[in-house]
Amino acid sequence: MKKTTDKNIEIEKKVLGALIVDSQAMAENHSLLNVNLFTTPEHQTIYKTIEEVWRRSHTVDLILLTARLTEKKIDAYTTYCIELTKIVSSSANIGFHIHLLIQNYIRRNFIENFSSLAEKAKEETIDVFELLDRAFNYLYQLYPNNQQVQKVSEIINRFTTEYANSEKPIGIQSSLNIINKAFGGWKKSNLSIVAGRPNMGKSAFFSQEIINIAEQNYSVGVFSLDMSNKKIVINFISNITRIPSNSIIKKELDELEYRILSNGIEKLEQMNVYIDDTPSISIENLIKKAKIMKLEYNIDILFIDNLQLICYNKTSNREQEVSFIVRSLKSLAKELDIPIVVLSQLSRNVEQRIDKRPILSDLKDSGTIEEVADEVLFLYRLEHYGKENWGVEYSFESSKNQVEIIVAKNPYREKLSERYSIDMKISRIIDLLEEDRSYSSWGRKDKIENQEDIPY
């Protein structure tokens, strides 16, 4: 076996040794590991063999490893593997060492790929925009586990490990029970469309979900093509503090409200929410920026407002344009392995019917939305149309300050709908039975004397 003093080789030895001495190290770190992290053919062969043993036996030790090496007729590696076990006494530092291997892997690939691009850029005839596309692809491919082909046993093992080791539901839980009940929360790789006519509460839904998910310590990416980042942040603060956004904008606040506002801003500053408010962004540019957002901030979910403002100029047919955009967003959700939630407009056909509840054919510009999206939700406020009471479906109860959330498409069950309380002024949607401590529910402001009484 070839000896070397190279620092990276020494780290590789420590990782391989830890994988052998700790029977559970492979199970705990497999999602981070990849054969390409190892630089020598010998280390790559040993890692592959360790992985084979783990897949077969769900554990790894020196006896099982040497037996597999003998079975593969490469038992000359046995002595070297014994030496590897002497380098480490435990796997206590394996996470740190794997992180170093990943860093070195990215550095090697960065130098190789971008040196090539730099040489290409010197050619005057080269299309620089094509180079830019290749640069973004290289950036995303730098991560060692962004591989397309995976053995089914590996996929099953990852799923069962996540399922067994996590007490949380598989999907990111929503603040709205209907979403958790209908399809288990926001699922990785899924494209969800949330649609409604104007003044149905899409912005409130947008703010409510982003803040709720950020409060669960997830990292949230946001593309706002409609509102400026300042307006979005005001809506976020209003949602947190329960102070109407209009009062914040006009600075019509008393001493108590300024104290509540300050605390709300401080809370928002601690959240991992990343906003891009580029107007009329192209789908190509959005995809590039989303990939960088994933690389830089490791976002767990992406929200986009709204679908109809995304551009794709390579076709003159709007339906084909939206079709390409929707398919691209679905591919992006799969590639980044995160949920993508997109707000969408509905066509004016809704207004021409007596029953103005949205249906799937009302989705604006393209039937592809219905076909490609994993879930489609509609927001419907009967009150907006001047009707004070629901129909027989809700026992003719009052529709005041209520929104109906309709799950029109989901992979698991039939159509489902529920009513929620909505306060557009503070961008909040809550369960009808929940007592929201909103500003209007506090009563007299002078009754709030202590910090503990602030409603969040």
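Located above this text is the structure these notes cover.
Reading guide: rules and limits
Every residue gets a number counted from 1 within its own chain, in the order that chain's sequence is written. For this predicted model, a pLDDT threshold of at least 70 governs which residues receive local features, and a threshold of 80 or more governs which side-chain atom pairs are given and counted, while totals over whole chains, interfaces and linings are taken from all residues. Where side-chain values are given, they derive from all heavy atoms of the structure, hydrogens and water being excluded. A pairing counts as a salt bridge when a side-chain nitrogen of Lys or Arg comes within 4 Å of a carboxyl oxygen of Asp or Glu. Under the scheme used here, helices are H or I runs from DSSP no shorter than 4 residues and strands are E runs no shorter than 2 residues, and both carry numbers assigned from the N terminus. Here the term buried applies to any residue with accessible area under 20% of the maximum for its type, exposed to any over 50%, and partly exposed to those in between, with areas from a 1.4 Å probe on protein chains only. At least two bridges found by DSSP between two strands is the condition for calling them paired. Comment: axis = line fitted to C-alpha atoms, over the contacting stretch for helices; angle = value between 0 and 180 degrees taken between N-to-C directions. By definition, residues are in contact when any of their heavy atoms lie within 4.5 Å. Identification of polar contacts relies on pairs of N or O atoms within 3.5 Å, with a donor-acceptor requirement for protein atoms, meaning one able to donate a hydrogen and the other able to accept it, and with residues adjacent in sequence counted only if both atoms are side-chain atoms.

Student: Even after reading the chapter, I still don't get the pattern of salt bridges, so can you show me in this structure?
Tutor: When the charged atoms of two side chains with opposite charge come close together, those side chains can pair. All told, the structure shown has 22 salt bridges when counted by the stated rule. With a shortest N-O distance of 2.7 Å, K330 and D374 are connected by a salt bridge. Placement of the pair is K330 in helix 15 (residues 318–336) and D374 in the loop between helix 16 (368–372) and strand 6 (375–380), with a sequence separation of 44 residues. Look at K330 and you get buried, because its relative accessible area is 16%. Classification of D374 as buried rests on a relative accessible area of 18%. Between E404 and R357 there is a salt bridge, with the nearest N and O atoms lying 2.6 Å from each other. Here R357 lies in the loop between strand 5 (340–345) and helix 16 and E404 lies in strand 7 (residues 402–409), a separation of 47 residues in the sequence. Summarising the burial analysis for this pair, E404 and R357 share the class buried. The network of salt bridges with common partners includes E52, R56, R68, E71 and K72.

Student: Mind showing me how you'd approach the sheet that holds strand 5 here?
Tutor: Strands belonging to one sheet form pairs held by backbone hydrogen bonds; the direction of such a pair is parallel or antiparallel. Spatial strand order, 3-2-4-5-1-6-7-8-9: 9 strands in an open sheet with mixed pairing. Looking at which strands have only one partner, the edges of the open sheet turn out to be strand 3 (273–276) and strand 9 (428–431). The mean angle between the axes of side-by-side strands here comes to 25°, regardless of whether they run parallel or antiparallel. Of the pairings in the sheet, the one linking strand 1 (residues 191–196) to strand 6 comprises 4 bridges and is parallel in character. Across the sheet, residue I193 finds its bridge partner in strand 6, namely V376. Packing against the sheet, helix 11 (residues 229–241) makes contact with strand 2 (220–224), strand 3 and strand 9, and its axis sits at approximately 150° to strand 3. Along the sheet face, helix 15 touches strand 1, strand 4 (301–305) and strand 5 and points at about 160° away from the line of strand 5.

Student: Before we go on, may I ask you to explain the side chain of S328 in this structure?
Tutor: By the secondary structure assignment, S328 is in helix 15. A residue is classified by how much of its surface remains accessible, and S328, at 12% relative accessible area, is buried. Side-chain polar atoms of S328 contact the backbone oxygen of F324, separated by 2.8 Å. Apart from residues lying up to four places away in sequence, S328 is in contact with I283 and I287.

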